[in-house]
Amino acid sequence: MMRFLRRTFGRQSMRRYQSPDERDGKSTGGVGTLPHPHLHQQQLHHVPTVVTGGAVVHIPAAGNSKSVLTCRVLLLDGTDVSVDLPKNAEGQDLFEQILFHLDLVEVDYFGLQYMDAEQVSHWLDYTKPIKKQIKNGPPYTLHFRIKFYSSEPNNLHEEFTRYLFVLQLRQDILSSKLKCLYDVSVELAAYCLQAELGDCDPQEHSPELVSEFRFSPNQTEAMELDIFQKWREFRGKSPAQAELSFLNKCKWLEMYGVDMHVVKGRDGCDYALGLTPTGILVFEGPNKIGLFFWPKITRMDFRKRKLTLVVVEDDEQGREQEHTFVFRLDNAKSCKHLWKCAVEHHAFFRLRQPTHGRAGKNDFVRLGSRFRFSGRTEYQATHGRLRRTSTFERRPSKRYPSRRQSTVKASNPAKAAHLSAQNNPDANIYQAQYKQNIPSAHEHWHAGHPVHPAQQLHPAHPVGGRKPTPDDRKARKPSNSRDEKYRYVQEQNGKNSGGAPSMMYQDNLMTTL
């Protein structure tokens, strides 16, 4: 059956069922290769990476009720909101409190996500009591995040909504959930700097400033120099324009908005199903092997651990034939979760309005559950009423010790503490806050490979810390070649740190803090 899938859903077959817009490249579907061999295994969602500094907010329960349950909701900007609700409160009660706190109008793209005991993420059902869904608590911890990634970010009406999308996508990139090429990563990071800091001023800003931000899980000094150069090109863009450019760049990424779930086929091999606005992508290892377009899926149901898809496909004579695909998951709970996510994606992106009432014989989904999508569709969200004006405040990104401070700390801890205190009077508090939110994959700047002792000391800083002479300064001017750019930045950092010896590693990453 999987051999049939590879043959049937090849490039020619997929192109046959694409709309004109999809053929022009305006669809998330297609056949290609994942940028990373293990990306399809991301059904287990780790704690989201926070890219902005947050605050702590408490929303007390209404009235004088003594029996309350406490929910802790982490927002996209890092804010930690504690909400007290009646003990029998439903998911909708909590969601409305968060929306009121944010003053968010375009609510249909967002949801509240929580982890079960197996660290698998689930979306909070707004029609059911909270304490019957989340077993870890109280307090019950949830994350406010994007549930449906807009297929066209230009259709997002409000600037605040686009800002939240940018925060979510920055988290996705930093956590390696959303992969992108080097040049794209540089451009996206430059848009973020333009939106937050405004125009680049070479007399005030330097690549060292870029090192205080986290944009990529594999961020190197060379990348920061390229980001700085690209940032200079975006002069004149307002924060709203920079964020819209960021979103328009992200929407073309291969894995933008793909909700991945790991399954097993009838042959016992591991596959991954990716839910998209176009349909359901099928991955075998790192490779896309097919796409079930939503119009071609005539039935989707589940029973215990088994998920069944019935797909209509034209044969060589142009006659429609039904093909049944069966996938298995680890347990019945995971199977139902995947089924519900697929039902919601189909309804949100394909329907003009959700269907209500009992399931019929020819319905898209039947058996297994009475669950139906109860929210609004993307069509309704983009054709709703708009408010006249709205104002909001962008929260600054989390800042980390610069490469200069990292270098000084490695060679002279006492001077590093002095520099840190100068830049931030509350250095100890600051470091304790950012430390908790750094993913384990890139918790510190680190050296990838040891190098020969002869290569460790940089020529610009000989043993003994001799100050450079005027002849040395003349010889050390920035060049257009990439290697000399790295050397120039290293030398400038060395001069700023008082001539302390710096270590040059082959992968251009800094020493461990």
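Here, the structure is the one placed above.
Read on for an overview of the structure. (Residues numbered from 1 in each chain as written. Predicted model: local features only at pLDDT ≥ 70, side-chain atom pairs only at ≥ 80, totals over all residues. Heavy atoms only, no water.)

### Some remarks on the overall build of the protein
Right, on to step 1. Across its full length, the protein carries 18 helices and 13 strands.
Right, on to step 2. Counting the 513 residues in the protein, one finds 50% classified as buried.
Right, on to step 3. By element, 48% of the accessible surface of the protein is carried by carbon and sulfur atoms, the whole surface being about 26300 Å². (Helix = DSSP H or I, 4+ residues; strand = E, 2+ residues; numbered from the N terminus. Buried < 20%, exposed > 50% of the residue type's maximum accessible area, 1.4 Å probe, protein only. Areas by Shrake-Rupley, 256 points an atom, 1.4 Å probe, with all protein chains shown as cover.)

### Describing helix 10 (residues 239-250)
Right, on to step 1. Here helix 10 is 12 residues long and its end C-alpha atoms lie 17 Å apart, about the 16 Å a rise of 1.5 Å per residue gives.
Right, on to step 2. Regarding helix 10, the residues found buried are Ala-242, Glu-243, Ser-245, Phe-246, Leu-247 and Cys-250.
Right, on to step 3. On its buried face, helix 10 is in contact with helix 6 (159-174) and helix 7 (182-197). (Expected span 1.5 Å × (residues − 1). Contact = heavy atoms within 4.5 Å.)

### Details of the nonpolar core
For soluble globular proteins, the rule of thumb is that nonpolar side chains tend to be buried together.
Right, on to step 1. Membership of the largest hydrophobic core comes to 78 residues, with the highest contact counts inside it found for Leu-94, Leu-142, Phe-144 and Phe-246.
Right, on to step 2. For this core, the element with the most residues is helix 7, which contributes 9 residues.
Right, on to step 3. Apart from residues lying up to four places away in sequence, Leu-94 is in contact with Cys-71, Val-73, Val-83, Leu-85, Leu-112, Leu-124, Ile-130 and Leu-142.
Right, on to step 4. In terms of nonpolar packing, the next biggest core, distinct from the first, is built from 25 residues, Ile-289, Leu-307, Phe-327 and Leu-338 among them. (Core = buried A, V, L, I, M, F, W, Y, C linked by side-chain atoms within 4.5 Å.)

### Here's the deal with unusual backbone geometry
Right, on to step 1. The backbone of Asp-103 sits at a positive phi, close to 60 degrees, despite the residue not being glycine.
Right, on to step 2. With respect to the helices, strands and loops of the structure, Asp-103 is situated in the loop between helix 4 (91-102) and strand 4 (110-115).
Right, on to step 3. A relative accessible area of 45% places Asp-103 in the partly exposed class.
Right, on to step 4. The phi dihedral of Lys-304 falls on the positive side, at around 55 degrees, and the residue is not glycine.
Right, on to step 5. Position of Lys-304 among the secondary structure elements: in the loop between strand 11 (297-303) and strand 12 (306-314).

### Let's talk about the sheet that holds strand 5 (residues 121-123)
Right, on to step 1. Here 6 strands make up an open sheet; going across it, the order is 1-3-2-6-4-5 and the pairing mixed. Sheet topology places strand 1 (56-59) and strand 5 at the edges, where each strand pairs with a single neighbour. Direction aside, neighbouring strands of the sheet carry axes that sit 30 degrees apart on average.
Right, on to step 2. Examined bridge by bridge, strand 2 (residues 68-74) and strand 6 (residues 140-146) share 4 bridges and lie parallel to one another. Counterpart to Leu-74 in the pairing with strand 6 is His-143.
Right, on to step 3. Each of strand 4 and strand 6 touches helix 6; the most contacted strand, strand 6, lies at about 110 degrees to it. (Pairing = 2+ DSSP bridges. Axes fitted to C-alpha atoms, helices over the stretch in contact; angles between N-to-C directions.)

### Points about the pairing of strand 13 (residues 320-328)
Right, on to step 1. In this sheet, strand 13 lies alongside strand 12 in antiparallel orientation, the contact comprising 9 bridges. Bridge pairing links Leu-309 to Phe-325 in strand 13.
Right, on to step 2. The loop that links strand 12 with its antiparallel partner strand 13 comprises 5 residues; one of these, Gly-318, has a positive phi angle of about 85 degrees.

### Re the packing of helix 6 against helix 10
Right, on to step 1. For the pair helix 6 and helix 10, interaxial distance at closest approach is 10 Å and the crossing angle is 50 degrees. Judged on the interaxial angle alone, helix 10 and helix 6 are oblique. Both helix 6 and helix 10 take part in a crossing whose hand is left-handed. Each of Glu-159, Arg-162, Tyr-163, Phe-165, Val-166, Leu-169, Arg-170 and Ile-173 in helix 6 lies in contact with helix 10, whose residues at this interface are Ala-240, Glu-243, Leu-244, Phe-246, Leu-247 and Cys-250.
Right, on to step 2. Its residues assigned to classes, the contact of helix 6 with helix 10 shows 10 nonpolar, no polar and 4 charged. (Parallel < 35°, antiparallel > 145°, perpendicular 65-115°, else oblique. Left-handed = near helix turned anticlockwise from the far one by under 90°. Nonpolar A, V, L, I, M, F, W, Y, C, P; charged D, E, K, R; others polar.)

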